[in-house]
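Spelled out, the chains give:
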Amino acid sequence: MTDVFTPQKRSAVMARVKGKDTKPELIVRRLLFAAGYRYRLQGKGLPGKPDLVFKTRRKALFVHGCFWHGCERQGCRGARRPKSNTGYWAEKLARNKARDVANLAKLADLGWETLVIWECELGDRAALSRRLAAFLGPARLP
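Since the model is a prediction, treat every value here as computed from it, not as a measurement. (Residues numbered from 1 in each chain as written. Predicted model: local features only at pLDDT ≥ 70, side-chain atom pairs only at ≥ 80, totals over all residues. Heavy atoms only, no water.)

J.: Looking at this structure, how should I read the packing of aromatic side chains?
T.: What describes a pair of aromatic rings is the distance from one ring centre to the other and the angle between the planes of the rings. Across all of its chains, the model carries three aromatic pairs by this definition. Both rings, one in Tyr39 and one in Phe54, keep their centres 6.1 Å apart while their planes meet at 70°; by these two values the pair is edge-to-face. Residue Tyr39 is located in the loop between α2 (23-34) and β1 (40-41), and its partner Phe54 is located in strand β2 (residues 52-54); the two are separated by 15 residues in the primary sequence. Three or more aromatic residues link up through ring pairs in this structure, and these residues are Phe67, Tyr88 and Trp89. When the ring centre of Phe33 is taken as origin, the NZ or CZ atom of Arg38, which lies over that ring, is 3.6 Å away. Just above the ring of Phe135 sits the side chain of Lys59; from NZ or CZ to the centre is 4.9 Å. (Phe/Tyr/Trp six-rings, centres within 6.5 Å; stacked < 30°, edge-to-face > 60°. Helix = DSSP H or I, 4+ residues; strand = E, 2+ residues; numbered from the N terminus. Lys NZ or Arg CZ within 6 Å of the ring centre and 35° of its normal.)

J.: Even after reading the chapter, I still don't get the sheet that holds strand β3 (residues 59-64), so can you show me in this structure?
T.: Sheets are built from strands that pair by backbone hydrogen bonding, the pairs being arranged parallel or antiparallel. In spatial order, the strands read β1-β2-β3-β4; together these four strands make up an open sheet with mixed pairing. The two strands at the open ends of the sheet, each matched to only one other strand, are β1 and β4 (113-118). When β2 meets β3, the two strands line up antiparallel, connected through three bridges. Residue pairing across strands places Val53 opposite Ala60, the latter belonging to β3. Contacts from α2 reach β1, β2, β3 and β4, with the element oriented near 140° to β3. Where helix α5 (residues 125-136) meets the sheet, it contacts β2, β3 and β4, and its direction lies at approximately 170° from that of β4. (Pairing = 2+ DSSP bridges. Contact = heavy atoms within 4.5 Å. Axes fitted to C-alpha atoms, helices over the stretch in contact; angles between N-to-C directions.)

J.: Explain the nonpolar core here, please?
T.: Burial of nonpolar side chains together is a common tendency in soluble globular proteins. Residues Val28, Leu32, Leu52, Phe54, Leu61, Ile117 and Leu132 are the most contacted members of the largest nonpolar core, which totals 15 residues. Of all the secondary structure elements, the ones that give two or more residues to this core are α2, β2, β3, β4 and α5. Broken down by element, the residue count for this core peaks at four residues, all from α5. Once you skip the residues sitting within four places of it in the chain, Val28 turns out to touch Leu52, Leu61, Val63, Ile117, Leu122, Leu128 and Leu132. Grouped together as the second largest cluster of nonpolar side chains are twelve residues, Leu46, Val53, Ala60 and Trp118 included. (Core = buried A, V, L, I, M, F, W, Y, C linked by side-chain atoms within 4.5 Å. Buried < 20%, exposed > 50% of the residue type's maximum accessible area, 1.4 Å probe, protein only.)

Quick look at the structure:
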């Protein structure tokens, strides 16, 4: 099956894919801020540039899109593979997953704890808030 877009249109579509400040990331950031947590964005000096960094706690948080990072959770609809150019997409998504695993291992070697939040987990905000609080510990607001 061939691509439904022309190469120029496909290039324009792909150029609009954001790497930071995505909707799932903004949801997690709002939850954390409302709960009293403070963080830094895009840990530039750390492997994989975690989306949120809690430096004094030595904890890093990644907010993964289900498609781009190959979510394997049961019932996740966001991780469906494209039906066109399947060879390219299989290789691309496998490289993304391998890079994610390597970055998590590098962070662990540096003494950082990591948590990955998947886009499909954002539906249950209460459960997500509990999971974040369990990972981070108590907030420091009075």
